[in-house]
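The lines below spell out each chain.
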Amino acid sequence: MAAQSLVAALGVWMMAAPAVLVYAGTAELVARTAGPIVATLAVIATSECTRDVRLANIPVGLFLMAAPLFIDQPPHAAVNGVVAGTAVVLLSRVRGHVRARFAGGWQSLWRATDEPHV
Amino acid sequence: VQAGFIRGRIGLATANNAGSSIPVGWDYNPSALSQRLPIVVLALAGFAIATYLALYQYGVVETVWEPFFGDGSRVILSSPLSRVLPVSDATLGAAGYLADGVTGLIGGRDRWKTMPWIVVVFAVLVGPLGAVSIGLVIAQPLVYDTWCTLCLASAVISVLMIGPALDEALASLQYLKHVKNDGRASLWRAFWGLHTGRLEARA
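Residues numbered from 1 in each chain as written. Chains lettered and ligands numbered in written order. Predicted model: local features only at pLDDT ≥ 70, side-chain atom pairs only at ≥ 80, totals over all residues. Heavy atoms only, no water.

Would you mind showing me how to read the nonpolar core here?
As a rule of thumb, nonpolar side chains are buried together in soluble globular proteins. If you look at the biggest cluster of nonpolar residues, it comprises 27 residues, and the most contacted ones within it are L53, L77, Y97, V126, C151 and M161 of chain B. Filtering out sequence-adjacent residues up to four positions away, V126 of chain B remains in contact with D100, M161, I162 and A165 of chain B. Residues Y23, V30, A31 and A34 of chain A belong to the second largest nonpolar core, which totals 19 residues. (Core = buried A, V, L, I, M, F, W, Y, C linked by side-chain atoms within 4.5 Å. Buried < 20%, exposed > 50% of the residue type's maximum accessible area, 1.4 Å probe, protein only. Contact = heavy atoms within 4.5 Å.)

So this is what it looks like as structure tokens:
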């Protein structure tokens, strides 16, 4: 929950970064596309039942980390993207505390037989 | 290990308790009113915001509240993108929130197994509303280089609803899978909440 809240905050930060750090062009496009996606997935992942949605943020974080390699960005935008992307990847790996049980969760739907529930 | 074993036994005991509203292998009932009411409240808040924005788009309200982005709300709400469909995007949003609220309320505390169809419709309505909201949030600064405060608030609300709404859908899908694997009752009838009897008592 705490880790996913931080990731959501990072997503909001990426949305604001082009205005705060003053950069535009493709770097802005990257930040303002990845930001809302990261924030959305992280907010969904704060719920225990959908905690695994956090894993979908790992490719987005990797994209932010790699973006300066193939997209021309001002240095401060690139540093911001790499730092934020790294944090998104690391924090999205944290499952955190899940108190409730969900009878095998979403994976149980793909298994052939009923969960034994024990 | 011992504690886990005892918890497991309690789970099985619940399985044999025909009157229980808690799904087998769960710790709580996702269809309980206490679980659903917060989502319905969010839907009503979203409905109020979207209705206000739609009234502005159709000229019923002359100005729109915008504390942060200057001309932002006016630009976004009168943009061509907001009028791609026959009705304005806020109108569609208001209808979506209303549908979320109504499908969130219908049915009793056992609805994950007595009315799987409404739970699935609820989840299907909540998901796309969030997706469309986020699409519009991405589009705002990229296409029009500004934001709209209440549009962002609406998007936040629609995203907050997704996680809490999906646990109920999981319980319904697990129940339907159980009916299918069991083979004694029709999956179709179970989906529409038509079958009763031995199997339902077990689930």
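I would appreciate a short explanation of the layout of surface pockets in the present structure.
The method is simple in principle: a probe with the dimensions of a water molecule rolls over the atoms, and the space it marks as empty is what remains. All names here are of chain B. Roughly 600 Å³ of volume is contained in the largest pocket. Looking at the largest pocket, it is lined by 32 residues, and the ones nearest its centre are D89, A90, G93, V132 and L136. At the level of elements, α2 (33-57), α3 (72-77), α4 (89-105), α6 (116-144) and α7 (149-182) are the ones that each hand at least two residues to the lining of the largest pocket. For the lining of the largest pocket, the leading source of residues is α6, giving 10 residues. When the residues that make up the lining of the largest pocket are grouped by side-chain class, the tally is 22 nonpolar, 8 polar and 2 charged. (1 Å grid on protein atoms, 1.4 Å probe; cavity = no way out; pocket = protein on both sides within 12 Å on 5 of 7 lines; lining within 4 Å. Points joined across faces, edges and corners; volume = space filled by probe spheres on them. Helix = DSSP H or I, 4+ residues; strand = E, 2+ residues; numbered from the N terminus. Nonpolar A, V, L, I, M, F, W, Y, C, P; charged D, E, K, R; others polar.)

How should I be thinking about the side chain of Q57 of chain B in this particular structure?
All names here are of chain B. As for its position among the elements, Q57 is in helix α2. Engagement of the side chain of Q57 in a polar contact is seen with the backbone oxygen of L77, the distance being 3.1 Å. Setting aside residues up to four positions removed in sequence, Q57 forms contacts with L77, S82, R83, S88, D89, A90 and T91. (Polar contact = N/O pair within 3.5 Å; in protein donor to acceptor, adjacent residues only side chain to side chain.)

I keep staring at the environment of I71 of chain A and nothing clicks. Help me out?
All names here are of chain A. Relative to the helices and strands, I71 is located in the loop between α3 (57-70) and α4 (75-92). By relative accessible area, which is 14% here, I71 ends up buried. Taking C-alpha positions, I71 is 43 Å from A100, a pair spaced 29 residues apart along the chain. For I71, the residues in contact, after removing those within four places along its chain, are T26 and V30.

Sorry, what's going on with the state of the cysteines here?
One way to say it: the disulfide is the covalent bond shared by the sulfur atoms of two cysteines. Residue and element names in this part refer to chain B. Inspection of the entire model under this criterion finds 1 disulfide over all chains. Here C148 connects covalently by a disulfide to C151, the sulfurs 2.1 Å from one another. Sign of the S-S torsion, about 70° for the bond between C148 and C151, identifies this disulfide as right-handed. Residue C148 is classed as buried on the basis of its relative accessible area, which comes to 0%. (Disulfide = S-S within 2.5 Å.)

Whenever I open this one, unusual backbone geometry confuses me. Can you help?
For residues that are not glycine, phi is negative in most cases, and the peptide bond is trans in most cases. Of note in the backbone geometry, A103 of chain A takes a positive phi value of approximately 50° without being a glycine. Phi angles above zero are rare outside glycine, and D145 of chain B is one such case at about 60°. As for its position among the elements, D145 of chain B is in the loop between α6 and α7.

Quick question: what am I supposed to make of the interface of chain A and chain B here?
For interface size, the figure often reported is the accessible area lost on association. On the chain B side, the residues contacting the 30 residues of chain A number 29 residues. For the chain A and chain B pair, buried surface summed over both sides reaches about 2600 Å², with 67% attributable to carbon and sulfur atoms. Summed over the shared surface of chain A and chain B, the result is 1 salt bridge. Between R101 of chain A and D27 of chain B there is a salt bridge, with the nearest N and O atoms lying 3.0 Å from each other. Where chain A touches chain B, the interface holds 8 residue pairs in polar contact (both at pLDDT 80 or more). (Buried area = accessible area lost by both parts, 1.4 Å probe. Salt bridge = Lys/Arg side-chain N within 4 Å of Asp/Glu carboxyl O.)

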